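Descriptive structure summary
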Amino acid sequence: MMMLRYRVGALVGAPIGSRMVLSLEEGPGDLGYGVEVDYLRGEIELVRSDRRLLASGTISTQIHASCARCLEPVAFPMTFEFEEAFFLSPVDIPGETFYAVTDDGYLFLTAPLREHILLNTPLRVLCRPDCRGLCPECGQNLNEGDCGCVREPDPRWAALQVFRLSE
């Protein structure tokens, strides 16, 4: 699993308003929970506030997914805005998850980046917009050619054929 660990101890003891920029050039790797990336690129600016570090930046990555119609592997590029707060000391509120800078001054970005990637991944990733999917009878990938299965329309939908013929 990819460990994205950055030393930010100098910023922890710095005055409020102090800034630091982290450059990301990582990958390929596994961020856990099935999130595999080819790369992670971008810059994250950290700003010291009263009790936390505020992180923001733009991240580019490419993940691996399966097409929602034909189940073929897809490399899906994405760019997203990253914003997160990292507390300077651990916060323990039951039922809540907060990120914190470790006691020895390290910031771990693996979990928050994984969460942002999952939140920015579409529910239905397609290999291409006109993907024909799989035959419901035999499972043939219809992008590779027709399978020859005869698919009779469901008689319950017959009344709607009128609309299709009028197009």
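For the structure itself, consult the block above.
All of the points below concern the structure found in this document. Computed from a predicted model, the values in this text were never measured in an experiment.

**Brief notes about the overall build of the chain**
In terms of regular secondary structure, the chain is built from three helices and eight strands. Starting at the N terminus and walking to the C terminus, you meet the elements of the chain as β-α-β-β-β-β-β-β-β-α-α. Relative to a compact globule of 167 residues, whose C-alpha radius of gyration would be 15 Å, the chain shows 23 Å and is clearly more extended. Seen through its C-alpha atoms, the chain measures out along the principal axes to roughly 70 × 30 × 30 Å. Of the contacts made within the chain by residues no fewer than 6 positions apart, 54% connect residues no fewer than 24 positions apart. Between the averaged position of the 15 positive side-chain charges in the chain and that of its 24 negative side-chain charges there is a distance of 2 Å.

**Quick look at the nonpolar core**
Judged by nonpolar contacts, the single largest core of 29 residues is most densely connected at Leu40, Phe82, Phe86, Leu109, Leu113 and Ile117. For this core, the elements supplying multiple residues, two or more each, are β2 (19-26), β4 (36-48), β5 (52-66), β6 (73-87) and α2 (110-120). The residues touching Leu113, leaving out its near neighbours within four places in the chain, are Leu4, Leu24, Leu40, Ile59, Phe80 and Phe82. The next biggest cluster of nonpolar side chains, apart from the first, holds five residues, and it includes Cys67, Cys70, Val74 and Val125.

**Remarks on the pattern of salt bridges**
With the rule as written, the count across this model stands at five salt bridges. Where Glu25 meets Arg41, a salt bridge forms, and the shortest distance between an N and an O atom there is 3.7 Å. Highlighted residues: Glu25 in strand β2 and Arg41 in strand β4, separated in sequence by 16 residues. Overall, the relative accessible area of 59% leaves Glu25 in the exposed class. Notably, a salt bridge pairs Arg128 with Asp130, separated by 3.1 Å at the nearest N-O pair.

**What about the pairing of β6?**
It is a general feature of regular strands that their side chains alternate between the two faces of the sheet. Bridge analysis of β5 against β6 gives 15 bridges, and the strand direction is antiparallel. The residue bridging Ile63 from the neighbouring strand is Phe76, located in β6. Between β5 and β6, which pair antiparallel one after the other, the connecting turn spans six residues, and Leu71 there sits at a positive phi close to 70°. Here two bridges tie β6 to strand β7 (residues 99-100), and the two strands are oriented parallel to one another. When the sheet's bridge partners are listed, Phe87 is paired in β7 with Ala100.

The rules behind each value
Residues numbered from 1 in each chain as written. Predicted model: local features only at pLDDT ≥ 70, side-chain atom pairs only at ≥ 80, totals over all residues. Heavy atoms only, no water. Helix = DSSP H or I, 4+ residues; strand = E, 2+ residues; numbered from the N terminus. Rg over C-alpha atoms; globule rule 2.2 N^0.38 Å. Contact = heavy atoms within 4.5 Å. Lys, Arg positive; Asp, Glu negative; His and termini not counted. Charge placed at Lys NZ, Arg CZ, Asp CG, Glu CD. Core = buried A, V, L, I, M, F, W, Y, C linked by side-chain atoms within 4.5 Å. Buried < 20%, exposed > 50% of the residue type's maximum accessible area, 1.4 Å probe, protein only. Salt bridge = Lys/Arg side-chain N within 4 Å of Asp/Glu carboxyl O. Pairing = 2+ DSSP bridges.

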